[in-house]
Amino acid sequence: MKSWQSIKEDIYFEDGSLRDINIYNTDKDDWKKWSELVNRRFEVEFTNGFTLSTSNRIDIEEVFRYWKNPEAALGPFMASVKLKDLKVNCYFFEESVLENDIDPREVKNEKDHILILEYLHVVAAELKKKIVMTLENTEELILLEL
């Protein structure tokens, strides 16, 4: 395994951008599996863009309703999956790409990196799909792939 210093320099370097975690070619079944998994295994904060309320569970049916009529939302739909002091954020942009992001400034040590890897492995296993981590909005520059 690489040293923590190499991992920080190669993946979590602080350049002002986030790291995107993407699963491509997703559908509503994938989103449902993901939301059930994170609701069951992790602490979650979900913001409903229709009501602007927050809860500790992702209401994926509300997200599906949002995708049908995004103009009806008063604000963003988003969820934060908490991995101790780290947050993995999801903004529910589109059905076909399950996108999460992390702020590399929050990744302070090897334990944080391991928490992220554990999350990625659990999600990849549940969805039976490949996960890639890239620089923000840069699909072609893959930093990590499972």
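In what follows, the structure referred to is the one given above.
The notes below deal with the structure included here.

1. Considerations on the packing of aromatic side chains
For any two aromatic rings, the description comes down to two numbers: the centre-to-centre distance and the angle of the planes.
Piece 1. Summed over all chains, the structure comprises 13 aromatic pairs.
Piece 2. Relative to phenylalanine 92, the ring of tryptophan 31 lies with its centre 5.5 Å away and its plane at 40 degrees, an arrangement referred to as tilted. Remark: phenylalanine 92 occurs in the loop between strand E5 (86-90) and strand E6 (97-102) and tryptophan 31 occurs in helix H2 (residues 28-41); sequence separation between them is 61 residues. Taken individually, tryptophan 31 and phenylalanine 92 each receive the classification buried, so the pair is uniform in this respect.
Piece 3. On the basis of an interplanar angle of 70 degrees and a centroid distance of 6.5 Å, the ring pair of phenylalanine 50 and tyrosine 66 is categorised as edge-to-face. Note that phenylalanine 50 is positioned in the loop between strand E2 (43-48) and strand E3 (53-55) and tyrosine 66 in helix H3 (residues 60-68), a separation of 16 residues in sequence.
Piece 4. The class of tyrosine 66 is buried, set by a relative accessible area of 18%.
Piece 5. The residue whose ring lies beneath arginine 19 is phenylalanine 13, and the NZ or CZ to ring-centre distance is 4.4 Å.
Piece 6. Above the plane of the ring of phenylalanine 64 lies lysine 28, whose end atom (NZ or CZ) is 5.3 Å from the centre.

2. Side note on the side chain of aspartate 30
Piece 1. Note on placement: aspartate 30 falls in helix H2.
Piece 2. Look past the residues within four positions of aspartate 30 in its chain and what remains in contact with it is Asn25, Leu98, Leu127 and Lys129.

3. Digging into the pattern of salt bridges
Piece 1. Enumeration over the complete set of coordinates arrives at 10 salt bridges.
Piece 2. A salt bridge links aspartate 30 to lysine 129, with the shortest nitrogen-to-oxygen separation between them at 3.3 Å. You can see aspartate 30 sitting in helix H2 and its partner lysine 129 sitting in the loop between helix H4 (110-127) and strand E7 (132-135), a full 99 residues away along the chain.
Piece 3. Across the pair lysine 82 and glutamate 45 runs a salt bridge, and its minimum N-O distance is 3.8 Å. With a gap of 37 residues between them, lysine 82 in strand E4 (residues 78-83) and glutamate 45 in strand E2 connect regions that are remote in the sequence.
Piece 4. Under the relative-accessibility criterion, glutamate 45 is labelled partly exposed at 37%.
Piece 5. Here the residues in one salt-bridge network are Glu43, Glu45 and Lys82, joined through shared partners.

4. Concerning the sheet that holds E2
Piece 1. Strand order across the open sheet formed by eight strands is E3-E2-E4-E5-E6-E1-E7-E8, with antiparallel pairing between neighbours. Looking at which strands have only one partner, the edges of the open sheet turn out to be E3 and strand E8 (138-145). Strand-to-strand twist of the sheet, defined as the mean angle between neighbouring strand axes without regard to direction, takes the value 30 degrees.
Piece 2. With four bridges joining them, strand E1 (residues 19-24) and E7 adopt antiparallel strand pairing. Within E7, the position partnered with isoleucine 21 by the bridge is methionine 133.
Piece 3. The strands touched by H2 are E2, E4, E5 and E6; relative to E6, the strand with the most contacts, the crossing angle is about 35 degrees.

About the thresholds
Residues numbered from 1 in each chain as written. Predicted model: local features only at pLDDT ≥ 70, side-chain atom pairs only at ≥ 80, totals over all residues. Heavy atoms only, no water. Phe/Tyr/Trp six-rings, centres within 6.5 Å; stacked < 30°, edge-to-face > 60°. Helix = DSSP H or I, 4+ residues; strand = E, 2+ residues; numbered from the N terminus. Buried < 20%, exposed > 50% of the residue type's maximum accessible area, 1.4 Å probe, protein only. Lys NZ or Arg CZ within 6 Å of the ring centre and 35° of its normal. Contact = heavy atoms within 4.5 Å. Salt bridge = Lys/Arg side-chain N within 4 Å of Asp/Glu carboxyl O. Pairing = 2+ DSSP bridges. Axes fitted to C-alpha atoms, helices over the stretch in contact; angles between N-to-C directions.

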